[in-house]
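Structure at a glance
Read off the chains here:
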Amino acid sequence: MNWDAISAISQLIGSLAVVLSVLYLAVQVHQSTRVSRLATQDAAATAMRDVTKPLMENAELERIWRIGLEDISALSVEERARFFHAAYQFLKAFETIHFHYVYGLMDKQLWEGWHGLLRHYVFAPGMAYYWKLRPEVFSQRFRNFVNSLETPAHQRTVGTLFTQDRA
């Protein structure tokens, strides 16, 4: 065997090692991306639970939220302020969820559920009023998205779910 053959074999082995290293890295990146997506999806659900949990635990806050969604004028000024704080947190959670979806970190099927929920709430009269007054506190991308939403055929929020017969 001459030096040319040895050199060729060495180059072949080196090339194979590089290809195997690249393949290994690709597998690692894929797994890392998958873990990142799952963590992001879990964070989205946690963020929404953090927003809605006080409403479940505090009857007065739930009442303000439920009434404010459908008839903000039925609330006192102090209650309207509390409703606005809750609306801001609610929409900020959705803005983050939307951000994750836009950047490919949210599974499409999960996103469709979040999207459907947002449509029901953003068109509630109280939320629509808040949105009209405060859109600038949200990113332009999210404002464009919300403004492009179509009203659901049958709006369902906690303010309407139990008050209408839905056959």
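Here's a quick rundown of the structure. (Residues numbered from 1 in each chain as written. Predicted model: local features only at pLDDT ≥ 70, side-chain atom pairs only at ≥ 80, totals over all residues. Heavy atoms only, no water.)

Let's shift gears to a nonpolar patch on the surface. A surface patch of nonpolar side chains, amounting to about 640 Å² of accessible area, comprises Met 1, Trp 3, Ile 6, Ile 9 and Ile 13. Following the sequence through the fold, Ile 9 ends up in helix α1 (residues 3-57). (Patch = residues over 30% accessible without salt bridge, like charges linked within 9 Å, V, L, I, M, F, W, Y side chains within 5 Å. Areas by Shrake-Rupley, 256 points an atom, 1.4 Å probe, with all protein chains shown as cover. Salt bridge = Lys/Arg side-chain N within 4 Å of Asp/Glu carboxyl O. Helix = DSSP H or I, 4+ residues; strand = E, 2+ residues; numbered from the N terminus.)

On to the packing of helix α3 (residues 77-102) against helix α6 (residues 140-148). When two helices pack together, their arrangement is given by the angle between their axes and by how far apart the axes lie. Interaxial distance between α3 and α6 falls to 10 Å at its minimum, and their mutual angle equals 100°. It follows from the interaxial angle that α3 and α6 lie roughly perpendicular. Contact residues: Leu 91, Phe 94, Glu 95, His 98, Phe 99 and Val 102 in α3; Arg 141, Phe 142 and Phe 145 in α6. When the residues that make up the contact of α3 with α6 are grouped by side-chain class, the tally is 6 nonpolar, 1 polar and 2 charged. (Axes fitted to C-alpha atoms, helices over the stretch in contact; angles between N-to-C directions. Parallel < 35°, antiparallel > 145°, perpendicular 65-115°, else oblique. Contact = heavy atoms within 4.5 Å. Nonpolar A, V, L, I, M, F, W, Y, C, P; charged D, E, K, R; others polar.)

Inspection of the secondary structure assignment puts His 98 in helix α3. Given the relative accessible area of 6%, His 98 is considered buried. Setting aside anything within four residues of it in sequence, one finds His 98 in contact with Trp 111, Arg 141, Phe 142 and Phe 145. (Buried < 20%, exposed > 50% of the residue type's maximum accessible area, 1.4 Å probe, protein only.)

Turning next to the packing of aromatic side chains. Evaluated as defined, the whole model comprises 17 aromatic pairs. Aromatic ring contacts, followed pair by pair, group Trp 65, Phe 83, Phe 84, Phe 90, Phe 94, Trp 114, Tyr 121, Tyr 129 and Tyr 130 into a single cluster. (Phe/Tyr/Trp six-rings, centres within 6.5 Å; stacked < 30°, edge-to-face > 60°.)

In the structure shown here, the tally under the stated rule is 7 salt bridges. Here Glu 62 and Arg 66 are joined by a salt bridge, their closest N and O atoms 2.9 Å apart. You can see Glu 62 and its partner Arg 66 sitting in helix α2 (residues 59-70), 4 residues apart, about one turn around the helix. A relative accessible area of 25% means that Glu 62 is categorised as partly exposed. Overall, the relative accessible area of 30% leaves Arg 66 in the partly exposed class. Glu 136 is the salt-bridge partner of Arg 134, the closest N and O atoms lying 3.8 Å from each other. For Arg 134, a relative accessible area of 32% gives the class partly exposed. Judged by relative accessible area, Glu 136 falls into the exposed class, the value being 52%. Sharing partners across several salt bridges, the network here consists of Glu 60, Arg 63 and Glu 79.

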